[in-house]
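Listed below are the residues making up each chain.
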Amino acid sequence: MKTRPLDGKVALVTGASRGIGAAIATRLACEGATVAVAARSLDEAAQGNMPGTLRQTAAEIEALSGKAAPYHVDLTSPESRAELVERVAADLGPIDVLVNNAGSSIFGPFTDITEKRLRLITTINYFAPFDLCQRVIPAMRERGGGWILNITSYSGDLRTDPPPDPVYHLNGTAYGSSKAALNRLTEAIASEYYADHIVASALAPVKAVMTEAVKATFAEAATNDPSILEPIEAMAEAALALCTTDRDGLNGRVYKSLTLLEQLARPIRTLTGDALLEV
């Protein structure tokens, strides 16, 4: 039987009830990982009645002969985050791959962002990944390595060329700031744990990915101009590349999905990995 790059590995993917998280979880599972899929929506949609639940994601992975288990988590709760890591380790084994995909993408004018919303954005986008990283790294060090992948956004990029772009960060000050902090966290972890063979990277899409959330916001624009979209499989393929590299390969940087795949001369494959994606 052909050896797959993640055979025998345990992966934890947050925000995996739908969209990018579900796609990454599927791709990792089809390359051999046993995947813990985690989010709020275990049996019922938890946000705006968008389709997709953890049990559905796990069932779809298992239908492809992959291994997956669903875990409910409230990422705003330190207790729930701690319980998640403990349960996954007890049920499936120590976590080799952590994908922090869950995010809060609340946008609005800077002066309209309330403290409550700011706390939610920063908790989900920064403090939760920070906490989960702290919880999985000790066991990764004991086993001689691991992979951390933080899903970020171009909104977290820092533009240094004057003058300021009046559109670039429009209504995304809080969201972009949280992603910028996540990017900095990623680089710091990669540096601090380089000697322990723990690879930490961040990944952002180049274009909009047509998830349920994007459909609700940009469906009309995407229909009129499909060039603003990239396939969800591109994020999954780039994530696989970042979660199977060594410490001297792709490590410690913020990567862009399509750009990375082009640099690697790596084609976009279907989520099962058994065929090239037709685009």
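For the structure given in this document, a descriptive report is provided here. As the structure is a computational prediction, the values presented were derived from the model and not from experiment. (Residues numbered from 1 in each chain as written. Predicted model: local features only at pLDDT ≥ 70, side-chain atom pairs only at ≥ 80, totals over all residues. Heavy atoms only, no water.)

1. Some thoughts on the overall build of the protein chain
Regarding its fold elements, the protein chain presents eight helices and nine strands. Counting only C-alpha atoms, the protein chain reaches 55 × 40 × 40 Å along its principal axes. Buried residues in the protein chain amount to 49% of all 279 residues. Total accessible area on the protein chain stands at roughly 13900 Å², and carbon and sulfur atoms take up 52% of it. On the protein chain, the mean spot of the 26 positive side-chain charges and the mean spot of the 33 negative ones are 2 Å from each other. (Helix = DSSP H or I, 4+ residues; strand = E, 2+ residues; numbered from the N terminus. Buried < 20%, exposed > 50% of the residue type's maximum accessible area, 1.4 Å probe, protein only. Areas by Shrake-Rupley, 256 points an atom, 1.4 Å probe, with all protein chains shown as cover. Lys, Arg positive; Asp, Glu negative; His and termini not counted. Charge placed at Lys NZ, Arg CZ, Asp CG, Glu CD.)

2. Quick look at the layout of surface pockets
Roughly 240 Å³ of internal volume is contained in the second largest pocket. Taken together, 16 residues make up the lining of the second largest pocket; nearest its centre are Ser17, Arg18, Gly19, Ala22 and Glu60. Secondary structure elements with two or more residues in the lining of the second largest pocket: helix H1 (19-30) and helix H2 (54-63). The element best represented in the lining of the second largest pocket is H1, accounting for four residues. In terms of residue class, the lining of the second largest pocket is made up of five nonpolar, eight polar and three charged. (1 Å grid on protein atoms, 1.4 Å probe; cavity = no way out; pocket = protein on both sides within 12 Å on 5 of 7 lines; lining within 4 Å. Points joined across faces, edges and corners; volume = space filled by probe spheres on them. Nonpolar A, V, L, I, M, F, W, Y, C, P; charged D, E, K, R; others polar.)

3. Side note on the state of the cysteines
Scanning all chains against the criterion turns up zero disulfides. Looking at Cys133, it has no disulfide partner, and the nearest cysteine sulfur is the one in Cys243, 12 Å off. Since its relative accessible area comes to 2%, Cys133 is described here as buried. (Disulfide = S-S within 2.5 Å.)

4. Here we look at the packing of aromatic side chains
Taken as a whole, this structure holds three aromatic pairs when the rule is applied. With 5.0 Å between their ring centres and 50° between their planes, Phe107 and Tyr175 make a pair best called tilted. Remark: Tyr175 occurs in helix H5 (residues 173-192) and Phe107 occurs in the loop between strand S4 (97-100) and helix H4 (115-143); sequence separation between them is 68 residues. Among the residues examined, Phe107 registers a relative accessible area of 45% and is labelled partly exposed. Here Tyr175 falls in the buried class, since its relative accessible area comes to 11%. Judged by centre distance (5.4 Å) and plane angle (70°), the ring pair of Tyr126 and Phe127 falls under edge-to-face. (Phe/Tyr/Trp six-rings, centres within 6.5 Å; stacked < 30°, edge-to-face > 60°.)

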